[in-house]
Amino acid sequence: MIKTISWERDTVVMIDQRALPHEERYLTCRTYQDVIDAINDMAIRGAPAVGIAASMGIALGTLNAPEEKLKKDFYRICDAFARTRPTAVNLFWAIDRMKSRFELECVSGPNLDADRVRRALVDEALRILEEDIVANRQMGDHGKGLIRDGDTILTHCNAGALATGGYGTALGVIRAAHEEGKSLHVMVDETRPLLQGARLTAWEMHREGIPATLITDSMAGSLMQRGMVNLILVGADRIAANGDTANKIGTYSLAVLAMENRVPLYVAAPLSTIDRYTRTGRGIPIEERSEDEVLGFHGTQTAPQGVHACNPAFDVTPNRYITAIITEKGIITKPFGRKIKDIFGDSAAYRPRSGPEVS
Ligand code: MRU
């Protein structure tokens, strides 16, 4: 299995996704700032993986914080992570989990045992990692029945092992169907501007021998029109309470074309991607990245000098275009609002504390 991120001897080690597919290089983060830089520079990316990286980064930062400043440093580090990438709610969910664990440890004894608190944060980060891998396997089990023998599945961006603790969400479902012995074919959108499809999804499929064909983003509609796609499977960065879904830019266009061509579109995401406190997609903050990512690639300018570009990293697909949402607790069908409420039940009443304002 691809090892996306791990905690090794009080450092955070991650596969450097900027170097893929040409080089399998690992990045060792020794300070929390190294982890922040890795998130900002996209050495690690993908909603669940960003959440895991942040939790490990917080643990790492607190490990190095002096006892007398433990509390102050902890919250300062959490705030620094909350300023990295605004769209994927897994980041804020993970920060909130770290805060809850920190506060639990701080109140559990008369004297603050700094070392115990530090080790508890490492433990919490490792739990977040392990739970994510389990959730992905469960999503695979729930979702694999949606794929029939002989199907061609279109996917966008990278919602694979690299975007998670391991196995993947959308690619996890594809992996599970493949492991079951189903014959399937994956159409991989290259995913401009950063080519997560071409560089990462194609790499994951190729190294596991899952048949895949790379296409440019603009080919997808035509392939659907020609009957060459049976279903679409994508991941998500934030799902609002009504099912509206933010995912990599281009997902919305795919979804509209899918409905036009009667191709079902499934979103695979863990419950940590569902933001029940943002009512609709209109409340989801969309990250705007540097125009340089659009003006060229890998340091080579492709547009004329002096031209400007815009670069929203995500878009929002309204719930009506989504056939169903695959989670670790089962498949959520319409009406999403009520069924999302049901799947959480009362026990998981989590209120967000970190992150951008929610509607
Ligand atoms: O900008 P990225 O590469 O972090 O965007 C990733 C995506 O949009 C993924 O589809 C999403 O995070 C789901 S990953 C399981």
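Residues numbered from 1 in each chain as written. Predicted model: local features only at pLDDT ≥ 70, side-chain atom pairs only at ≥ 80, totals over all residues. Heavy atoms only, no water.

(A) The overall build of the protein, seen in detail. Scanning the protein from N- to C-terminus turns up 11 helices and 16 strands. Computed over C-alpha atoms, the radius of gyration of the protein comes to 20 Å, within 12% of the 21 Å expected from 2.2 N^0.38 for 359 residues, which places it in the range of a compact globule. Overall size of the protein, expressed as C-alpha extent along the three principal axes, is 70 × 50 × 40 Å. The proportion of buried residues among the 359 residues of the protein is 57%. Contacts in the protein between residues at least 24 apart in sequence constitute 76% of all its contacts with a sequence separation of at least 6. Distance between charge centres in the protein, computed from 43 positive and 46 negative side chains, equals 3 Å. (Helix = DSSP H or I, 4+ residues; strand = E, 2+ residues; numbered from the N terminus. Rg over C-alpha atoms; globule rule 2.2 N^0.38 Å. Buried < 20%, exposed > 50% of the residue type's maximum accessible area, 1.4 Å probe, protein only. Contact = heavy atoms within 4.5 Å. Lys, Arg positive; Asp, Glu negative; His and termini not counted. Charge placed at Lys NZ, Arg CZ, Asp CG, Glu CD.)

(B) Spotlight on the packing of aromatic side chains. Counted under the stated rule, the structure contains five aromatic pairs. Ring centres of Phe-74 and Tyr-75 lie 5.1 Å apart, and the angle between their planes is 80 degrees; this geometry places the pair in the edge-to-face category. Since its relative accessible area comes to 0%, Phe-74 is described here as buried. Three or more aromatic residues joined by ring pairs make a cluster, and in this case those are Phe-74, Tyr-75 and Phe-102. (Phe/Tyr/Trp six-rings, centres within 6.5 Å; stacked < 30°, edge-to-face > 60°.)

(C) The layout of surface pockets, seen in detail. The volume enclosed by the second largest pocket comes to roughly 340 Å³. Along the wall of the second largest pocket there are 18 residues; nearest its centre are Leu-194, Glu-293, Phe-297, His-298 and Gly-299. Counting residues per element, the ones that place at least two in the lining of the second largest pocket are α7 (196-208), α10 (292-295), β12 (296-297) and β13 (300-301). With three residues, the top contributor of residues to the lining of the second largest pocket is α10. Its residues assigned to classes, the lining of the second largest pocket comprises four nonpolar, seven polar and seven charged. Residue contributions to the lining of the second largest pocket reach at least three from each of two domains, namely domain 1 (5-138) and domain 2 (143-348). (1 Å grid on protein atoms, 1.4 Å probe; cavity = no way out; pocket = protein on both sides within 12 Å on 5 of 7 lines; lining within 4 Å. Points joined across faces, edges and corners; volume = space filled by probe spheres on them. Nonpolar A, V, L, I, M, F, W, Y, C, P; charged D, E, K, R; others polar. Domains from an automatic or database assignment.)

(D) Here's a closer look at the sheet that holds strand β14 (residues 314-317). Strand order in the open sheet formed by four strands is β11-β8-β9-β14, and the pairing between neighbours is mixed. In this open sheet, the two strands that pair with only one neighbour each are β11 (274-275) and β14. Here strand β9 (residues 245-248) pairs with β14 via four bridges, running antiparallel. Note on β14: the bridge partner recorded for Asn-247 is Asp-315. (Pairing = 2+ DSSP bridges.)

(E) Region of the structure containing the sheet that holds strand β3 (residues 26-29). Overall, antiparallel pairing links the three strands, which are arranged β1-β2-β3 in an open sheet. Bordering the open sheet on either side are β1 (5-8) and β3, each of which pairs with just one other strand. Averaged over all pairs of adjacent strands, the angle between their axes in this sheet comes to 25 degrees, without regard to strand direction. Of the pairings in the sheet, the one linking β1 to strand β2 (residues 11-15) comprises four bridges and is antiparallel in character. Pairing of Ser-6 across the sheet is with Val-13, part of β2. Of the strands in this sheet, β2 and β3 are in contact with helix α1 (residues 32-40), which crosses β3 at around 140 degrees. (Axes fitted to C-alpha atoms, helices over the stretch in contact; angles between N-to-C directions.)

(F) Expanded view of the site of the ligand. Looking at the ligand, there are 19 residues lining it, with Arg-45, Arg-85, Asp-237, Asn-247 and Lys-248 nearest. Taking Arg-45, its side chain carries an N or O atom lying 2.8 Å from an oxygen atom of the ligand. Separating an oxygen atom of the ligand from a side-chain N or O atom of Gln-196 is a distance of 2.9 Å. Computed on the free molecule, the ligand has an accessible area of 420 Å², of which 99% lies beneath the protein chains in the complex. If you map the ligand onto the pockets, it falls in the largest cavity. Of all elements in the fold, only α2 (47-63) and β9 reach the threshold of two or more residues within the shell around the ligand. When its residues are assigned to classes, the shell around the ligand shows eight nonpolar, seven polar and four charged. Shared between two domains, the shell around the ligand takes at least three residues from each, and those domains are domain 1 (5-138) and domain 2 (143-348). (Near = heavy atom within 4 Å. Polar contact = N/O pair within 3.5 Å; in protein donor to acceptor, adjacent residues only side chain to side chain. Areas by Shrake-Rupley, 256 points an atom, 1.4 Å probe, with all protein chains shown as cover. Sits in = over half its atoms within 2 Å of the grid points.)

(G) Quick peek at helix α11 (residues 336-344). Within the sequence span of α11, burial applies to Phe-336, Ile-340, Ile-343 and Phe-344. All buried residues of α11 fall inside an arc of 95 degrees around its axis, so they share one side. With respect to the buried face of α11, the exposed residues turned more than 90 degrees away are Lys-341 and Asp-342. Against the buried residues of α11 lie β8 (238-240), β11, β15 (324-327) and β16 (330-332). (Arc of directions from axis to C-beta.)

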